[in-house]
Amino acid sequence: MSKPLPMTALLIAAASLLSACKPAEQPQGAEQSESTDRSEPVELSQSREVNLYSARQESLIKPLLDRFTAETGVKVNLVTGRADALLQRLQSEGDNSPADLLLTVDAGRLHRAVEAGVTQPFDSATLSDVIPASYREPEGHWYGLSFRARPIMYAKDRVQPGELSTYQNLADQNWHNRICIRSSGNIYNQSLVASKLAADGEAVTEAWARGLVQNFARPPAGGDRDQIKAVAAGECDIAVANSYYLAGMLRSDDPEQVTAAQQVAVFWPNQNGRGTHVNVSGIALTRSAKNRDNAIKLVEFLVSPESQAWYAEKNGEYPIRENIPVSDILASWGTFKADAINLSELGKNNAAAVKLMDRAGWQ
Ligand code: FE
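Residues numbered from 1 in each chain as written. Predicted model: local features only at pLDDT ≥ 70, side-chain atom pairs only at ≥ 80, totals over all residues. Heavy atoms only, no water.

S.K.: Would you mind showing me how to read helix α5 (residues 107-115) here?
M.R.: Given 3.6 residues per turn, any residue in an α-helix points the same way as the ones three and four places further on. Buried within α5 we find Ala107, Gly108, Arg109, Leu110, His111 and Ala113. The secondary structure elements touched by the buried residues of α5 are α4 (83-93), β3 (101-105), β4 (119-120), α7 (187-200), β10 (278-286) and α15 (344-348). By the N-cap criterion, in which a side-chain oxygen at the helix start approaches the backbone nitrogen of a residue two or three places on, α5 is capped by Asp106, the distance to Gly108 being 2.7 Å. Trailing α5 by a residue or two, Gly117 shows a phi angle of about 80 degrees, which is positive. (Buried < 20%, exposed > 50% of the residue type's maximum accessible area, 1.4 Å probe, protein only. Helix = DSSP H or I, 4+ residues; strand = E, 2+ residues; numbered from the N terminus. Contact = heavy atoms within 4.5 Å. Polar contact = N/O pair within 3.5 Å; in protein donor to acceptor, adjacent residues only side chain to side chain.)

Written as structure tokens, this is what we have:
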């Protein structure tokens, strides 16, 4: 096994690679000129392109795509949009969809795409080798590109880490009126509950959800950052939120966000049990993919060591690939045991999780 490179070395390498990108050479056949022989197969032009539908902001992925184009001559056409809208678009476009790849976040959403029939499985020795089995769909319908954790975040001045232990413990009366967490309509919470369903079964999970709701400091409102801000503002003492939001706040240009984030600390729950709940950003080959080979080549490029270092750092996430150092902020939270469940199970439990949260009164 190769020795991990220091984070700074990798980032410098990734940055110099990115900055060294020449303007992409016009790939052969990328444009149909008037003199194009009509008998030329259309695939020739398509074979120099990949069409990517992405639920991530352009700035969080585009430099990598440019780098891929510079290296391979394959142009990447990027369409960004909201995750649910992109899935709907894929469904309505059907086999006529120009999309080759769908990039989105949360295994629950990736599962919805599989269920909707807009993906197709593919094999890649590179991907199977690099991506741990729990972070990819067993048949190859999707592959994780980065992972994130959903730990407990607590007010440093009001909670001792020794008071915390498991997600289960959040239903304890000790936390009455002290917890902030976003609504049950959010996929991150649905996946958290889906993971608990897989681990503990329905009866235990439902009783837990009821207890947790009893401990809410306020009706769920806002996103994960808002829960962290509410802890900092003293509205609640603990929040459950995705790790990259806290990382993003800590390195924000907005001093208010930095100050709020500095008042909370990360606690890794379930370290003596199944591990902390984690999830992924991931990518799927669409059923309609017409540029299959280059699409797969792009996915493999996205898990190269340089891509992984850049992508995880940029997104405040954990690299999916082992032996890539995490960012300084993530490193400061220490290492943790992650739940090893195959994340495709979260998607399978999603519908049951949503119903259970509803029964428990989780708004
Ligand atoms: Fe998010």
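Here the narrative resumes, following the displayed structure.
S.K.: Would you mind showing me how to read the packing of helix α9 (residues 224-232) against helix α10 (residues 243-250) here?
M.R.: Between two packed helices, the angle of one axis relative to the other and the distance separating the axes together describe the packing. At a minimum axis separation of 9 Å, α9 and α10 run at an interaxial angle of 65 degrees. In terms of their interaxial angle, α9 and α10 are classed as roughly perpendicular. In the packing of α9 onto α10, the handedness of the crossing is right-handed. Of the residues in α10, those touching α9 at Asp224, Arg225, Ile228 and Lys229 are Tyr245, Leu246, Gly248 and Met249. Within the contact of α9 with α10, the residues separate by chemical class into 4 nonpolar, 1 polar and 3 charged. (Axes fitted to C-alpha atoms, helices over the stretch in contact; angles between N-to-C directions. Parallel < 35°, antiparallel > 145°, perpendicular 65-115°, else oblique. Left-handed = near helix turned anticlockwise from the far one by under 90°. Nonpolar A, V, L, I, M, F, W, Y, C, P; charged D, E, K, R; others polar.)

S.K.: When you look at the pattern of salt bridges in this model, what are you seeing that I'm missing?
M.R.: Using the criterion set out here, one finds 20 salt bridges in the structure. With its nearest N and O atoms 2.8 Å apart, the salt bridge here joins Asp66 to Lys62. In this pair, Asp66 and Lys62 both sit in helix α3 (residues 62-72), 4 residues apart, roughly one turn of the helix. Note on Asp66: relative accessible area 34%, which makes it partly exposed. Arg182 is the salt-bridge partner of Asp224, the closest N and O atoms lying 3.3 Å from each other. With Asp224 in helix α9 and Arg182 in the loop between β7 (179-180) and α7, this residue pair connects regions lying 42 residues apart in the sequence. For the pair Asp224 and Arg182, one class covers both residues: buried. Salt bridges sharing common partners tie together Asp157, Arg158, Arg178 and Asp237. (Salt bridge = Lys/Arg side-chain N within 4 Å of Asp/Glu carboxyl O.)

S.K.: Would you take a moment to explain the pairing of strand β9 (residues 264-267) for this structure?
M.R.: Look at any regular strand and the pattern is simple: side chains alternate between the two faces of the sheet. Neither face of β9 is open: one carries Val264 and Val266, the other Ala265 and Phe267, and all of them are buried. The sheet contact formed by strand β6 (residues 152-155) and β9 spans 4 bridges and is antiparallel. Directly across from Ile152, in β9, lies its bridge partner Phe267. (Pairing = 2+ DSSP bridges.)

S.K.: Got a minute to help me understand the packing of α7 against helix α16 (residues 350-359) in this structure?
M.R.: At their nearest, the axes of α7 and α16 sit 8 Å apart, and the two run at 100 degrees to each other. Judged by the inter-axis angle, α7 sits roughly perpendicular to α16. In this structure, α7 contributes Ile187, Asn189, Gln190, Val193, Ala194 and Leu197 to the contact, and α16 contributes Asn350, Ala352, Ala353, Val354, Leu356 and Met357.

S.K.: When you look at the sheet that holds strand β8 (residues 238-240) in this model, what are you seeing that I'm missing?
M.R.: What the 4 strands build is an open sheet, ordered β7-β8-β6-β9; its pairing is mixed. Either end of the sheet is taken by a strand with one partner, and the two such strands are β7 and β9. The sheet contacts of α9 involve β6, β7, β8 and β9, and relative to β8 the element is tilted by about 170 degrees.

S.K.: Quick question: what am I supposed to make of the nonpolar core here?
M.R.: Among the nonpolar cores identified, the biggest contains 95 residues, and Leu101 and Leu298 are the most heavily contacted of them. Discounting residues that sit within four places of it in the chain, Leu298 has contacts with Val50, Leu65, Phe68, Val76 and Leu101. Listed in part, the 8 residues of the second largest apolar core include Tyr53, Leu102, Ala113 and Val118. (Core = buried A, V, L, I, M, F, W, Y, C linked by side-chain atoms within 4.5 Å.)

The quantities given are spatial measurements derived from coordinates; they are silent on function.
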